Each structure stands twice: as structure tokens, then as C-alpha cells.
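A structural walkthrough
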Amino acid sequence: MKRVIVVMMMVAVALLLALPAFADDHPSDQPLRAAVDMGFVPFAFLTETGEATGFAVDLANALAEELGRPGAEIVDVNWSGIFAALFASKVEFIVAPTNITEARAKEMDFTEPYMDTAELIAINAKDRDKIKTLDDLEGKVIGVNTGSSGHTWLMENQERYGFKIDQYDRMPDAMMAVQVGRIDAGIGDLEAVAYYVKDKPELFGAIAVPTGQQYGLPCRKADPFRNELEQALENLKLNGTLAEVHEKWFGRPAELGSAATLVYIGYGVFGLPGFELTYHELP
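Figured I'd write up the structure that's included with this text. A quick note: this is a predicted structure, and the numbers were derived from the prediction, not measured. (Residues numbered from 1 in each chain as written. Predicted model: local features only at pLDDT ≥ 70, side-chain atom pairs only at ≥ 80, totals over all residues. Heavy atoms only, no water.)

**Considerations on the nonpolar core**
Counting residues in each nonpolar core, the largest one holds 49 residues, and the members touching the most others are F55, L59, L63 and F93. Looking at this core, the elements that each hand over two or more residues are β1 (32-36), α2 (55-67), β8 (115-124), α6 (171-179), α7 (190-197), β12 (203-216), α8 (225-238) and α9 (241-250). At 8 residues, the largest contribution of residues to this core is made by α2. Those residues within four positions of F93 in sequence are excluded, and the remaining contacts are L32, R33, A34, A35, L63, L86, L217, P218, C219, F225 and L229. (Core = buried A, V, L, I, M, F, W, Y, C linked by side-chain atoms within 4.5 Å. Buried < 20%, exposed > 50% of the residue type's maximum accessible area, 1.4 Å probe, protein only. Helix = DSSP H or I, 4+ residues; strand = E, 2+ residues; numbered from the N terminus. Contact = heavy atoms within 4.5 Å.)

Structure (C-alpha cells):
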């Protein structure tokens with residue numbers, strides 16, 4: 001009997017040692033480390049004085065306050081390396097707008113959605129009479145942020161529409177290439193592209209591509225912090241803070257019943273890896 005107990009204790013210790021040391025990654029007395037792709041307006045960019053600002057920055061600070069953390073540390077990471085930064089524990093979560101997909105949910109745990117989105121294709125304004133539909137993109141070169149949801153859409157639809165793909169580290173770099181006439185079009189998340197082109201007469205948001213996509217906040221796989229972060233996010237929905245931040249940066253209130261106002265059952269995204277059908281009380 002003693003041998004059985006000893007073996008069971010050894011197995012328990014081995015299992016504990018095998019678990020990630022997540023607690024050390026989320027010190028309550030330190031700022032909340034959140035990853036952004038700086039320059040992805042209006043989500044995260046620098047003011048003329050070098051101060052980080054944008055929707056994602058405000059969201060990170062609001063989440064830090066809800067979690068009782070002393071502010072947020074905004075960590076700038078190129079989008080192509082942002083998931084690697086999360087996996088390496090350089091940040092606690094990603095606050096840059098990240099579309100929820102099944103493939104990504106297999107590698108990381110998302111919170112519930114906090115915003116609905118789509119893709120927007122921008123073109124040079126001189127071509128607005130030539131490029132009006134997706135069929136008009138045949139033979140055209142489209143720039144995109146490497147590894148983004150727009151990049152995925154381009155690869156999935158390249159054969160169908162016959163365009164060429166040109167990759168960039170950041171969305172503004174792709175749009176600048178369109179602006180100067182080096183490529184024909186650029187694609188990115190609708191909110192970001194619409195904000196970027198609004199004060200640039202050389203660019204025109206030509207084609208919206210509905211995708212049914214939503215943003216969530218990615219955390220490391222099996223990290224209990226995901227549930228804490230989701231509860232903080234739900235509180236921001238219920239107390240109106242998220243709606244205020246949405247209206248501040250997008251000029252319109254979040255629609256009732258959209259992901260920005262809806263609190264979802266359980267933790268994570270229903271139907272995807274990482275979802276937990278766990279009841280939790282809200283304030």
C-alpha cells in the first residue's frame with residue numbers, strides 16, 4: 001500500500017513539474033505586458049511626442065485597471081513575430097487586433113470576441129474607376145501585412161481572382177506602396193485601413209470583403225490567465241468602457257448585439273479549441 005502511495009505522489013509531483021510556470025508570467029505588482037504591432041492605426045501608433053496611443057493601447061490600459069495591475073506596458077512587435085513573442089513569454093497576451101481562427105485557436109487560447117471586423121482593399125485614387133469589384137483585381141499586385149488575416153484571404157483566393165501578392169512587415173508599408181504607385185492595391189482589417197486612408201486623398205477604400213471575422217485576445221495555451229483576462233474584458237463591456245473606447249477611435253458607438261457589447265457564455269470561443277463551458281458570475 002505504501003508503495004502505491006509513494007508512486008502516486010511521484011506521479012503527482014512529475015505532473016506539477018511538467019506544468020508551465022504561468023504564475024511567474026503574471027506578477028500582480030508589475031504592469032500588464034501587452035503586444036501591439038505599432039503603426040497599425042488606429043489600434044496602436046506613436047504621437048508626435050513618441051507616446052503610444054490608439055484603440056489597443058486604451059484597451060490594454062483599461063484591462064490593466066480591471067485586473068488591479070499598475071498600468072500596461074505596451075510592447076511593440078512586428079506582426080510576423082508577434083505570436084512567437086507570446087509563446088516565449090515576452091508578453092502576457094496580444095492586444096493587437098487578432099482575428100479568431102481555428103488554426104490559431106489550436107496554438108493559443110483566445111478570450112471571447114470583443115469586435116466584429118472584415119477586410120478592406122484600398123487602391124490608388126486614380127484607379128477608382130478601374131477597380132470596383134474583386135474581378136477587377138485580375139493581374140493586379142496586392143500588398144499585405146505578412147501573416148495577417150488579409151494575407152490568408154489573399155492566398156485562399158489568389159487562384160480564383162488572378163492577382164499577385166506582395167508581402168510587407170506592416171500594413172502602413174503596404175499602403176504607402178499603393179500610395180506611390182509601386183503596387184495596385186493593399187488589403188487589411190477594415191477599421192485599420194479605413195482610418196489610414198481617410199486623410200490621404202491618394203488612396204481610396206474600394207472593396208469591402210465580408211468575412212464574418214471577430215477579434216479576440218490571444219493568451220498562451222492552457223494559461224489560467226486567459227480566464228482572468230476574459231472576465232476583465234466582460235466587465236469593460238458591461239460598464240460601458242469598451243463602448244466608449246470604440247466610439248473614441250471609430251467615431252461611432254458599438255452596435256448593440258455586436259461582439260463589443262455581447263457577453264458570451266463560458267470562457268473562450270464556443271466551438272473552438274480552448275473553450276471552457278464554465279459558469280462564472282459577473283458583477
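**Remarks on the layout of surface pockets**
Put simply, the largest pocket is a space of about 210 Å³. Around the largest pocket sit 13 residues that line it, and D116, E191, H246, R252 and E255 are the ones nearest its centre. When residues of the lining of the largest pocket are traced back to their parent elements, those giving at least two are β8 and α7. Take the lining of the largest pocket: its biggest share by element is 4 residues, from β8. Grouping the constituent residues of the lining of the largest pocket by class yields 6 nonpolar, 3 polar and 4 charged. Volume-wise, the second largest pocket comes out at about 170 Å³. Lining the second largest pocket, in full, are T101, A103, R104, S149, T152, W153, E156 and Q213. Looking at the lining of the second largest pocket, the elements that each hand over two or more residues are α4 (102-105) and α5 (149-161). (1 Å grid on protein atoms, 1.4 Å probe; cavity = no way out; pocket = protein on both sides within 12 Å on 5 of 7 lines; lining within 4 Å. Points joined across faces, edges and corners; volume = space filled by probe spheres on them. Nonpolar A, V, L, I, M, F, W, Y, C, P; charged D, E, K, R; others polar.)

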